[in-house]
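Structure assessment
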Amino acid sequence: MARPADLVVDETPLDGPRIDVASRIGWLLRISRQVAGVSLADVADRLAEAAGVRTSVAALSRLERSGGRNGQVVDAYEAALDLEPSRLRAPIELMCRAFSPYAPVDRAPLPAGRASLSRFDALVAAAEGPAPTGGEWLSLAREHDESRPFGVTGPRMAALVEKLADETGRSVGIAFIARRETLRRLRCSPYGDLIEDLARQRLAEPDTQAHVDLLSVLAERPTPSVMALAASALGSDSFLAARGAGLAFERMRDVATLGPAEWSAVVQAVASAARRAVGDPHREAVLGSVLHTMPAPFRQEVVATLDVPLAPPRVPAGWTTTRRNQHYGYAEELGRTVAREVGVPEQPMLTRLLFEVLYDFRLPRAMSAGAVLLASPFHRALPRALEQAVLDAPDGTTRAGALSTPLQVPMDWGDLDLPRWFAIGATEVDAGALVVAGQGGVAVPEERLAAALEHPMLRDRATYAAGMAQHPVLARWAADETLPNRVRTAARWWLDRGGRITR
């Protein structure tokens, strides 16, 4: 059966070196507009009104099909569809930066109109205020692009970066995507050293609860010192630090201009982290992904030093889109369910993105796919689909992929059937249940949290779940001298910073 003419697809090979970034931009714009019931003419009118740019319906239709990149057009789509600022822009920016060697260039990256001191002052005031939104953070970062005339002093920005980092670790959904993209943008700005300074400070404080994204964004401007820092963090006591280091390594593989000598300098540190990971499925997944995606000479040097086996990265049954590939078929089935819930026909792009989220071990690819899904009209159905993939998984590979998603793309999980998660009786599922409960703001029963504190692989996830949900048990944990210091300081950290952020 022929596909409808208005479907936008990514036809690159599932295991290929590239994705079709442009088609994903076009699909996100088109499906968001179609589900909202807004015509191309309405978008054209809003673009002319907001940005002073006149374009035709035909030109916008071509943009949706071919996926050209124009920041002012994306801003106009958000306004025309009554979406919160940055809902579409943040994941598009994240994806294009992740695949920058071949992503389309933004033809209009700056805000429409002339620079305005009053607008700049308002954004600074919002960021320094009690409850800035993700959109306000990203707008402030855009105002610090090199061609803009305004900026804040280094000490003032350092305070803002510290606040932003704390908020990023507590955010879910587009609130997280926008803040993470703000960190990435600032790392590439003249303020980039402030990000590295704060990352080093946080890594030196083992009880800090939110530093994954600080560490990973350092790879946007890689240096030998950043590589050494990431290598040492791979073996950190904190799984959050190890995961952030893994993300940094995978990003440096794509953007680094570091030579063989710099890579060889961290072989022993990475090998040490790999030895430590044995027996811990979460750490093994991070190290397996890192080693599998690194340059071949580096990977061979690390493997040659190992005297222990390391689990290979999680891979799907196949990399084809045929019915014989059971994992692609499962993503297709899940995609049909999600599309029906939203009330649209089957979407091949939705299937592709779900496949990458569940089965692609390359973290930048899985994360960017998840970010696009969170920006799309399918975002409310996504947690339910992933819960189904955990509770009714056809195999362990599918379950592992679903469990890894909340670590890569925090989201608002809404109504959770937590008793069914815990009834499975597997440590990795218990770990996932604690993470998604925290992201959903769901209070886990105290006896379940107490049991998790006794398990070395669950302790940090228990404090995360309680902290994100601002569970009443936090105050008691903070004051209980019989608990490990790590638990008490974590409880105090969450009480001081507050819980999850959804906007």
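The shown structure was predicted, so the numbers you read here are calculated from the model rather than taken from an experiment. (Residues numbered from 1 in each chain as written. Predicted model: local features only at pLDDT ≥ 70, side-chain atom pairs only at ≥ 80, totals over all residues. Heavy atoms only, no water.)

What to know about the overall build of the protein
Selection rule: Numbering goes from the N terminus for both helices and strands, where a helix is a DSSP run of H or I of at least four residues and a strand is a run of E of at least two. When we talk radius of gyration, it's over C-alpha atoms, and the globule rule is simply 2.2 Å times the number of residues to the 0.38. Think of it in three bands: with a 1.4 Å probe and only protein chains considered, a residue is buried below 20% of the maximum accessible area for its type, exposed above 50%, and partly exposed in between. Residue contacts are defined here by distance: any two heavy atoms, one from each residue, within 4.5 Å place the two residues in contact. Every accessible area reported is derived by Shrake-Rupley at a probe size of 1.4 Å, with residue values counting cover from the shown protein chains alone.
Across its full length, the protein holds 28 helices and zero strands. Relative to the 2.2 N^0.38 estimate, which gives 23 Å for 503 residues, the radius of gyration of the protein is 22 Å and therefore close to what a compact globule would have. Across the 503 residues of the protein, 58% fall into the buried class. In the protein, of all internal contacts separated by at least 6 residues, the share reaching a separation of at least 24 is 72%. Carbon and sulfur atoms form 52% of the exposed surface of the protein, whose accessible area is close to 20000 Å².

A short note on the packing of helix α19 (residues 348-359) against helix α22 (residues 396-408)
The condition that has to hold: Orientation is described by axes fitted as lines to C-alpha atoms, over the contacting stretch for helices, and by angles from 0 to 180 degrees between their N-to-C directions. Any angle from 65 to 115 degrees is called roughly perpendicular, while one under 35 is roughly parallel, one over 145 is roughly antiparallel, and all others are oblique.
Two elements in contact, α19 and α22, have axes whose closest approach is 7 Å; the angle formed by their N-to-C orientations is 95°. With respect to each other, α19 and α22 are oriented roughly perpendicular. Where α19 approaches α22, its residues Val357, Leu358 and Tyr359 are matched on the opposing element by Thr397, Thr398, Gly401, Ala402 and Thr405.

A few points about the packing of aromatic side chains
What counts here: Pairing of aromatic side chains requires ring centres within 6.5 Å, counting the rings of Phe and Tyr and the six-membered ring of Trp. Pairs whose planes differ by under 30 degrees are stacked, by over 60 edge-to-face, and all others tilted. Only lysine NZ and arginine CZ atoms are considered, and such an atom sits over a ring when it is within 6 Å of the ring centre and within 35 degrees of the ring normal.
Taken as a whole and judged by the stated rule, the model has eleven aromatic pairs. Centre to centre, the rings of Phe249 and Trp263 are 6.3 Å apart; their planes meet at 55°, and the pair counts as tilted. With Phe249 in helix α13 (residues 239-255) and Trp263 in helix α14 (residues 260-264), this pair connects stretches of sequence that are 14 residues apart. Here the two residues Phe249 and Trp263 agree in accessibility, since each one is buried. Measuring from ring centre to ring centre gives 5.0 Å for Trp493 and Trp494, while their planes differ by 80°; the resulting arrangement is edge-to-face. Accessibility classification places Trp493 together with Trp494 in one group, the buried group. Among the aromatic residues, ring-to-ring pairing joins Trp319, Tyr328, Phe355 and Tyr359 into one connected group. For the cation-ring pair, Arg448 lies above Phe422, with the distance from its terminal atom to the ring centre recorded as 4.1 Å.

Some remarks on helix α1 (residues 21-36)
Stated formally: In a helix, the anticipated span is given by 1.5 Å times the number of residues less one.
Helix length check: α1 (16 residues) gives 23 Å between terminal C-alpha atoms against 22 Å at 1.5 Å per residue, within 8%. α1 sits mainly inside the fold: 13 of its 16 residues count as buried. Among the residues trailing α1, Gly37 stands out with phi positive, at a value near 70°.

A look at the pattern of salt bridges
The following threshold applies: For salt bridges, the criterion is a side-chain nitrogen of Lys or Arg within 4 Å of an Asp or Glu carboxyl oxygen.
If you walk through the whole model with that rule in mind, you get 35 salt bridges. Of the charged contacts, one joins Glu93 and Arg185 as a salt bridge, the two residues approaching to 3.3 Å between their closest N and O atoms. Here the residue Glu93 occupies a position in helix α5 (residues 89-98), and Arg185 occupies one in helix α9 (residues 174-187), the gap between them amounting to 92 residues. Residue Glu93 shares its accessibility class with Arg185, and that shared class is buried. In this structure, the salt-bridge partner of Glu196 is Arg200, at a minimum N-O distance of 3.2 Å. Remark: Arg200 and Glu196 occur in helix α10 (residues 192-203); sequence separation between them is four residues, near one turn of the helix. Looking at Glu196, the relative accessible area reads 11%, which means it is buried. Three or more residues are tied together by salt bridges with common partners; here these are Arg69, Asp75, Arg89, Glu93, Arg142 and Arg185.

Comments concerning unusual backbone geometry
For Asp82, which is not a glycine, the phi torsion comes out positive at approximately 60°. When you line up the elements, Asp82 lands in the loop between α4 (71-80) and α5. With a relative accessible area of 70%, Asp82 lands in the exposed category. Even without being a glycine, Gln470 presents a positive backbone phi close to 50°. Checked against the element boundaries, Gln470 lands in the loop between α26 (459-468) and α27 (473-479). The partly exposed category is assigned to Gln470, whose relative accessible area is 33%.

Digging into the packing of helix α6 (residues 117-128) against helix α7 (residues 134-142)
Our working definition: A clockwise turn of the near helix away from the far one marks a right-handed crossing, whereas an anticlockwise turn of less than a right angle marks a left-handed crossing. Classification convention: Asp, Glu, Lys, Arg as charged; Ala, Val, Leu, Ile, Met, Phe, Trp, Tyr, Cys, Pro as nonpolar; all other residues, Gly among them, as polar.
Axis separation between α6 and α7 bottoms out at 9 Å; the angle between their running directions is 130°. Classified by the interaxial angle, the pair formed by α6 and α7 is oblique. Crossing of α6 over α7 shows left-handed handedness. Counting all contacts with α6, which are made through Phe120, Leu123, Val124, Ala126 and Ala127, the residues of α7 involved are Glu136, Trp137, Ser139 and Leu140. Partitioned by chemical class, the residues of the contact of α6 with α7 number seven nonpolar, one polar and one charged.

Describing the nonpolar core
Quick reminder of the rule: Nonpolar cores were defined as sets of buried Ala, Val, Leu, Ile, Met, Phe, Trp, Tyr and Cys residues, with membership established by side-chain atoms within 4.5 Å.
Trp27, Tyr77, Trp421, Leu449 and Trp477 are the most contacted members of the largest nonpolar core, which totals 102 residues. In terms of residues, this core owes the most to one element, α19, which gives eight residues. Apart from residues no more than four positions distant in its own chain, Trp477 is found in contact with Leu449, Leu453, Ala462, Thr463, Ala466, Leu483, Val487, Arg488 and Ala491. The next biggest cluster of nonpolar side chains, apart from the first, holds 53 residues, and it includes Leu214, Met252, Ala274 and Met294.

Considerations on the environment of Ile501
The residue Ile501 is located in the segment after α28 (485-497) in this model. What makes Ile501 buried here is its relative accessible area of 15%. Separated by 368 residues in sequence, Ile501 and Thr133 have C-alpha atoms that sit 9.0 Å apart. Contact partners of Ile501, with chain neighbours within four places excluded, come to Glu167, Arg170, Ser171, Val172, Ala175 and Arg179.

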